[in-house]
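These are the residues of each chain, in order.
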Amino acid sequence: MKTKVAIVGAGPAGLLLGHRLRAEGIDVVVVERASADYVLGRIRAGVLEKTTVDLVEQVGLDARLKSEGLLHAGFNLSDGDRLIRIDLQDLVGQQVTVYGQTELTRDLMDAAPERGLEIHYEASDVAIHDHHTDRPYVTFVSAEGREERIDAEFVCGCDGFHGVSRKAMAAAGRSYERVYPFGWLGILSDVPPCNEELIYSNHANGFALASMRSTTRSRYYIQVPVTEDINDWPDERLWDELALRLGPGAAANMQRGPAIEKSIAPLRSFVFEPMREGRLLLVGDSAHIVPPTGAKGLNLAASDVHYASTALIAYFRKGDSDAVDEYSRKALARVWKSERFSWSLTNLMHRFPEDSAFEREMQRAELDYIASSRAAQTTIAENYVGLPL
Ligand code: RFL
Ligand code: PHB
């Protein structure tokens, strides 16, 4: 096969990038290790920044997002007793959209055939070759067991944290990492949300989050030790713990139902630099991970897509490679700011096993300060809605 851009990974980063390039008439081939059903079965992000929504609009695939997504003008921090509302609309004049990553992925996947976006699912042994030259290529074994080769001008590594792309350039780069001593146990259930807006709660037993996918589907999380066994959390125990950690107001409105999905995700902050080497560009989780506390992971993948697609479009339209050369620097500037926000919100809202009463008082004082200061709330709001591109 011969194409302009070979994309490794068909998560949100790979699909969005593919659509963006196809919209400019640039040929793209995507290879994905998993099956389409497996990709759709992963329950992940729920909150989209306006910059992400704009990108989906730019490729003309925002119809369902616009009709089914929920616009949220604020969200809440809780210290277990009271809610501190961060009024996004009033503080920074913007809102966020609550729309599941699964739904967004489905929209992008469904539109692929009509847009000429070729995707090879269930590809194994995916490998990237010669990205230091101007004739890079990708090899893989197809779902039917055939050995395939894609000759391209660029390769984009959109294959997430565990993919092959970062490893292909690992010798030249540097990683920065913080692994947290806890994870999030999440539950998805077809019950109405306990509150109209999200609640991030710092409780003596640990963090809890009340989120949603729609007015009839709720998504909740609690902080658990990384060593936790999910079998120790039957639904009733999890609902009891959520009611306790989210506080009496939320608990009074919380409806319980069977879990459609339940899983534990570890928390990590991670950045790999640089995000480009020769003709290989890293996009999304392949280059960076944030803890989910700030709802930034998918949104960062989308901002990388913006920078990468702008650079590649300039290259294919005008033969101008300056933007490709600048890609890593531009993308990383925004990545590091989102890393900082996600890390600081994680520190503020979670219980760390090593923390003493002093650190607990520091969290309490900071929440008190946020409750009383419009300046502090504005800082949180402008990061939460997403910094400018
Ligand atoms: P993905 O989604 O991991 O997709 C990578 C794709 O690459 C494939 N792949 C390969 N393909 C070919 N060859 C190989 N060798 C391959 N290796 C892997 C994989 O099968 C997969 O399909 O990365 P991408 O596209 O960069 O997207 C990133 C987002 O998925 C991620 O950042 C977010 O889900 C993070 N996240 C959140 N982000 C937000 O913006 N807002 C949120 O509210 C939010 N909540 C969350 C989250 C992540 C969570 N978990 C489980 C990690 C909540 C949770 C619980
Ligand atoms: C979610 O709904 O899955 C979600 C919402 C907000 C976050 C993280 C996850 O910060």
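About the cut-offs
- Residues numbered from 1 in each chain as written.
- Chains lettered and ligands numbered in written order.
- Predicted model: local features only at pLDDT ≥ 70, side-chain atom pairs only at ≥ 80, totals over all residues.
- Heavy atoms only, no water.
- Pairing = 2+ DSSP bridges.
- Helix = DSSP H or I, 4+ residues; strand = E, 2+ residues; numbered from the N terminus.
- Near = heavy atom within 4 Å.
- Polar contact = N/O pair within 3.5 Å; in protein donor to acceptor, adjacent residues only side chain to side chain.
- Nonpolar A, V, L, I, M, F, W, Y, C, P; charged D, E, K, R; others polar.
- Axes fitted to C-alpha atoms, helices over the stretch in contact; angles between N-to-C directions.
- Left-handed = near helix turned anticlockwise from the far one by under 90°.
- Contact = heavy atoms within 4.5 Å.
- Areas by Shrake-Rupley, 256 points an atom, 1.4 Å probe, with all protein chains shown as cover.

Quick notes on the sheet that holds strand β4 (residues 70–72)
Here is step 1 of the chain: Taken in spatial order, the 3 strands of this open sheet run β3-β7-β4, and their pairing is antiparallel. On the outer flanks of this sheet lie β3 (47–48) and β4, each paired with one strand and no other.
Here is step 2 of the chain: Summarising the sheet, β3 and strand β7 (residues 96–98) pair through 2 bridges and their orientation is antiparallel. When the bridges of β7 are listed, Val47 appears paired with Val98.

Thoughts on the site of ligand 1
Here is step 1 of the chain: Neighbouring residues of ligand 1: 31 residues in total, closest Glu32, Arg42, Gln101, Asp285 and Leu298.
Here is step 2 of the chain: Measuring from an oxygen atom of ligand 1, one finds a backbone N or O atom of Asn299 at 3.1 Å.
Here is step 3 of the chain: Elements with a contribution of two residues or more to the shell around ligand 1: α1 (12–22) and α10 (297–318).
Here is step 4 of the chain: In terms of residue count, the dominant contributor to the shell around ligand 1 is α10 (3 residues).
Here is step 5 of the chain: Tallied by class, residues from the shell around ligand 1 come to 15 nonpolar, 9 polar and 7 charged.

Some details on the packing of α1 against helix α6 (residues 101–110)
Here is step 1 of the chain: Remark: α1 packs on α6, axes separated minimally by 10 Å, with the N-to-C direction vectors making an angle of 35 degrees. Regarding α1 and α6, the two cross each other, and that crossing is left-handed. Each of Pro12, Leu15, Leu16 and His19 in α1 lies in contact with α6, whose residues at this interface are Gln101, Thr105, Leu108 and Met109.
Here is step 2 of the chain: Of the residues that constitute the contact of α1 with α6, the class distribution is 5 nonpolar, 3 polar and no charged.

Here we look at the site of ligand 2
Here is step 1 of the chain: Around ligand 2, a shell composed of 14 residues is seen, among which Tyr200, Ser211, Arg213, Tyr221 and Pro292 lie nearest.
Here is step 2 of the chain: Within the side chain of Tyr221, a nitrogen or oxygen atom sits 2.6 Å from an oxygen atom of ligand 2.
Here is step 3 of the chain: The protein chains hide 97% of the 280 Å² of surface that ligand 2 would expose on its own.
Here is step 4 of the chain: Sorting the residues of the shell around ligand 2 by element identifies β15 (206–212) and β16 (218–225) as the ones contributing at least two each.

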